[in-house]
Amino acid sequence: MYRKNQTLNPTTPTATADTPQTPSLTPETIVEQLRAISSQVPEAIPMTPDQRETVRGHARSAKNGEILQTTISLVGTTDAISSAVGHDADGVRQLCDDSNRWGVVEDELRALLNGVSSANLVRRQQLAVIAGTAYGVGVQLIRNPEHAAIVPHVLEFKRLKALGRRKKPATTPQTPIPE
């Protein structure tokens with residue numbers, strides 16, 4: 001069970017001796033590799049939230065396998081339908097296959113993002129524990145005159161903590177003054 005003051009340690013070794021260890025990549029190296037991969041996927045063009053919602057609304061029926069199979073059959077029946085939709089039955093089948101294969105990539109990227117985000121959350125939690133401990137120790141040490149050098153640091157920490165707790169004033173919209 002996780003407790004508030006418990007520090008999670010993602011660096012605990014879980015690999016067995018038989019598992020080959022791969023060197024860890026730096027964040028900068030990963031960003032560089034992700035950008036290189038992104039440049040090789042020309043279809044991966046970011047959309048605005050409104051655009052995504054519009055496209056998502058149109059794509060809902062494409063998740064139904066029976067509708068897709070019927071669509072492929074329908075498009076394959078006559079050239080009139082295949083010319084109207086701009087694809088023959090093989091083209092629709094290929095698009096369906098591509099969608100499924102890229103769905104696996106999407107799932108893997110989500111899992112990777114979740115892992116990176118979780119690891120970073122643990123780092124921030126560890127930093128918060130370190131900061132709290134350092135402050136607590138500092139408060140105790142400044143009671144002794146021989147630690148006078150840390151007084152400004154502890155006072156600055158205290159000031160910053162107070163700023164973080166302060167509520168921001170509610171902003172009221174300014175009404176235009178009639179002329």
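> What is the right way to look at the overall build of the protein chain in this model?
Each helix and strand counted, the protein chain has six helices and zero strands in total. Along the protein chain, helices (α) and strands (β) appear in the sequence α-α-α-α-α-α when read from the amino end. Taking all 179 residues of the protein chain together, the buried fraction comes to 7%. Taking all contacts inside the protein chain whose residues are at least 6 apart in sequence as the whole, residues at least 24 apart take part in 33%. Accessible area for the protein chain stands at about 15,900 Å²; split by element, carbon and sulfur atoms hold 60% of it.

> Help me understand the packing of aromatic side chains, please; the structure alone is not making it clear to me.
Counting across every chain of the model gives one aromatic pair. With 4.8 Å between their ring centres and 20° between their planes, Tyr 135 and Phe 157 make a pair best called stacked. Residue Tyr 135 is located in helix 5 (residues 89-141), and its partner Phe 157 is located in helix 6 (residues 151-165); the two are separated by 22 residues in the primary sequence.

> In this structure, what is going on with the pattern of salt bridges? I would like to understand it.
Oppositely charged side chains may form a pair once their charged atoms are brought near each other. Using the criterion set out here, one finds seven salt bridges in the structure. In this structure, Asp 90 and Arg 93 form a salt bridge, with 2.7 Å as the shortest nitrogen-oxygen distance. Here Asp 90 and its partner Arg 93 are both found in helix 5, three residues apart, which amounts to about one turn of the helix. Among the salt bridges present, the one from Asp 107 reaches Arg 110, with a minimum N-O distance of 4.0 Å. Here Asp 107 pairs with Arg 110, and both are found in helix 5, just three residues apart, close to one helical turn. Look at the salt bridges and you will find they share partners, linking Asp 97, Asp 98 and Arg 101 into a network.

> Just checking my understanding: could you explain the packing of helix 5 against helix 6 for this structure?
A pair of packed helices is characterised by two quantities: the angle between their axes and the separation of those axes. Across the interface, helix 5 lies against helix 6 with an axial gap of 10 Å and an inter-helix angle of 130°. Our classification of the angle between helix 5 and helix 6 gives oblique. Like other packed secondary-structure pairs, helix 5 and helix 6 cross with a definite hand, here left-handed. Within the contact between the two elements, helix 5 uses Ala 131, Tyr 135, Gly 138 and Val 139 and helix 6 uses Val 154, Phe 157, Lys 158 and Lys 161.

> What exactly am I supposed to notice about helix 3 (residues 65-77) here?
Each α-helix winds once per 3.6 residues, and so residues spaced three or four apart point in a common direction. With 13 residues, helix 3 should cover 18 Å at 1.5 Å per step; its first-to-last C-alpha distance of 19 Å lies within 8% of that length. Capping of helix 3 at its N-terminal end is provided by Asn 64; its side-chain oxygen lies 2.9 Å from the backbone amide nitrogen of Glu 66.

Here is what the cut-offs are and how they apply
- Residues numbered from 1 in each chain as written.
- Predicted model: local features only at pLDDT ≥ 70, side-chain atom pairs only at ≥ 80, totals over all residues.
- Heavy atoms only, no water.
- Helix = DSSP H or I, 4+ residues; strand = E, 2+ residues; numbered from the N terminus.
- Buried < 20%, exposed > 50% of the residue type's maximum accessible area, 1.4 Å probe, protein only.
- Contact = heavy atoms within 4.5 Å.
- Areas by Shrake-Rupley, 256 points an atom, 1.4 Å probe, with all protein chains shown as cover.
- Phe/Tyr/Trp six-rings, centres within 6.5 Å; stacked < 30°, edge-to-face > 60°.
- Salt bridge = Lys/Arg side-chain N within 4 Å of Asp/Glu carboxyl O.
- Axes fitted to C-alpha atoms, helices over the stretch in contact; angles between N-to-C directions.
- Parallel < 35°, antiparallel > 145°, perpendicular 65-115°, else oblique.
- Left-handed = near helix turned anticlockwise from the far one by under 90°.
- Expected span 1.5 Å × (residues − 1).
- Polar contact = N/O pair within 3.5 Å; in protein donor to acceptor, adjacent residues only side chain to side chain.

Honestly, it's all geometry; don't read function into it.
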